[in-house]
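Breakdown of the fold
Residues per chain, in single letters:
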Amino acid sequence: MVASSSFRTSLHRLDDEAIRSAWEPLLAQSPQASAFSHLAFGEQVGHAFGLTPLVAAVWEKDALRAGALLYEKRQGPYRAAAIPPFVPCVSPLLDRPLRETDTHYRRSVLDALLGLVADSFHQASLVTHPALDDARPFQWGGWQVTPAYTYGRELQAEEEVTATWSSTTRHAWQNEREAFTVAEGGDGLDDTVALIEASHERQEQALDVDAATIRGLVAGLSGAGLTRVFVARHDGKAEAGVVVLSDGHTAHYWLAGSVPGPAMTVLVATVLTRLRDEGVAYFDFAGANTPSIAEFKRKFGCRLASYYRARHVSRPELRLLDSMRRGGS
């Protein structure tokens, strides 16, 4: 059953002052907020990949109750809400937890938001924040939902950040840390990008984004105060690099690359300790969906969290194309 809604919905470009003034209070109170939902992040991603960032908004009177930062991609007559490269979270933001009775009657703010997105685009993809743990509004609204996983950990929960690490990770940190110097700063960006490219080549995974675009994106986000670059060097040579994306509360292991060996363990350990000392509350390893990578992340005392990839396709020819792709045709 679908109940009538008192909500008003709208789409906004990011230069709309009405949405900019309402977005910050929503970010401040939403459990789903992260650096990926900052408008500055959307602006830089849109610029890097030639997409139009938009905000889908749900209003109750003059209050913004829910929203999603989306990326519009046009191809011929079709309009898509796409998932850009390097954006693992394109999530609805809600100003408060949903009431189950509203979910059951399909009258929640999330139902209104999903209806707006489904009606506005020929195809749309979302990747939810782990705090949005009820996928039924997606399923009942005709979205295809696939579970996915990430590892994360509280950074302020114990006195020593190493307390819950596996023995192998703790021993590697203790035995190898003196062999590396870890530095933070934009001058490590070139080395980090080169390590990212080399890691993808070694794993035979296409990166599909050129180095200049990565450097421009990271530099732009650094100017907005959302990224930090860390590099671990052995005898002066960069062996591991990571770009951390952070809103000050939650930090994400966003872009990373290393040579085989202990360098990334030393680097992550150093970064976790530094972020903990600075008061960052939570660290998200941004994915646990590849077995070997998931095991590396687990060893830092992480907790498994689930999230959802959701997709809505309204056009029958696009649904057919999706079906052919899933079937390997």
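Right, let's walk through the structure included here. All of these numbers come straight from a predicted model, not from anything done at the bench.

**Here we look at the pairing of strand β10 (residues 237-246)**
With nine of 10 residues buried, β10 lies mostly within the body of the structure. As defined by bridge partners, strand β9 (residues 227-234) adjoins β10 across eight bridges and the pair is classed as antiparallel. By the bridge assignment for β10, histidine 234 is matched with lysine 237. Hairpin remark: β9 followed by β10, antiparallel, with two residues in the connecting loop; positive phi at aspartate 235, about 55°. As consecutive antiparallel partners, β10 and strand β11 (residues 250-258) are separated by three residues, and within that stretch glycine 248 has a phi angle of approximately 95°, a positive value.

**Description of the nonpolar core**
Core analysis: the largest hydrophobic core is formed by 67 residues, its most contacted members being Trp23, Phe41, Trp143 and Trp254. Considering each element in turn, this core owes the most residues, eight residues, to helix α4 (residues 109-120). If sequence neighbours within four positions are ignored, tryptophan 23 has contacts with Ser37, Leu39, Val55, Leu64, Gly67, Ala68, Leu69 and Leu93.

**Examining the packing of helix α6 (residues 167-176) against helix α9 (residues 263-278)**
For any two helices packed against each other, the geometry comes down to the angle between their axes and how far apart the axes lie. Across the interface, α6 lies against α9 with an axial gap of 9 Å and an inter-helix angle of 95°. One way to sum up the angle between α6 and α9 is to call them roughly perpendicular. When α6 is examined against α9, the residues Thr169, Ala172, Trp173 and Glu176 are found in contact with a partner set consisting of Thr265, Val266, Ala269 and Thr270. Here the residues of the contact of α6 with α9 are counted per class, giving four nonpolar, three polar and one charged.

**A look at the side chain of serine 125**
Positionally, serine 125 belongs in strand β6 (residues 123-127). At 3.0 Å, the side chain of serine 125 forms a polar contact with the side chain of arginine 311.

**With respect to unusual backbone geometry**
Positive phi is not limited to glycine here, since arginine 106 has a value of about 55°. Position of arginine 106 among the secondary structure elements: in the loop between α3 (100-104) and α4. For arginine 106, a relative accessible area of 26% puts it in the partly exposed group. The phi torsion at aspartate 235 lies on the positive side, around 55°, for a residue other than glycine.

**What about the packing of aromatic side chains?**
Using the criterion set out here, one finds 10 aromatic pairs in the structure. Ring geometry for tyrosine 253 versus phenylalanine 285: centroids 5.4 Å apart, planes at 50°, classification tilted. You can see tyrosine 253 sitting in strand β11 and its partner phenylalanine 285 sitting in the loop between β12 (282-284) and α10 (291-298), a full 32 residues away along the chain. According to the relative accessible area criterion, phenylalanine 285 is buried, its value standing at 0%.

Definitions and limits used
- Residues numbered from 1 in each chain as written.
- Predicted model: local features only at pLDDT ≥ 70, side-chain atom pairs only at ≥ 80, totals over all residues.
- Heavy atoms only, no water.
- Buried < 20%, exposed > 50% of the residue type's maximum accessible area, 1.4 Å probe, protein only.
- Helix = DSSP H or I, 4+ residues; strand = E, 2+ residues; numbered from the N terminus.
- Pairing = 2+ DSSP bridges.
- Core = buried A, V, L, I, M, F, W, Y, C linked by side-chain atoms within 4.5 Å.
- Contact = heavy atoms within 4.5 Å.
- Axes fitted to C-alpha atoms, helices over the stretch in contact; angles between N-to-C directions.
- Parallel < 35°, antiparallel > 145°, perpendicular 65-115°, else oblique.
- Nonpolar A, V, L, I, M, F, W, Y, C, P; charged D, E, K, R; others polar.
- Polar contact = N/O pair within 3.5 Å; in protein donor to acceptor, adjacent residues only side chain to side chain.
- Phe/Tyr/Trp six-rings, centres within 6.5 Å; stacked < 30°, edge-to-face > 60°.

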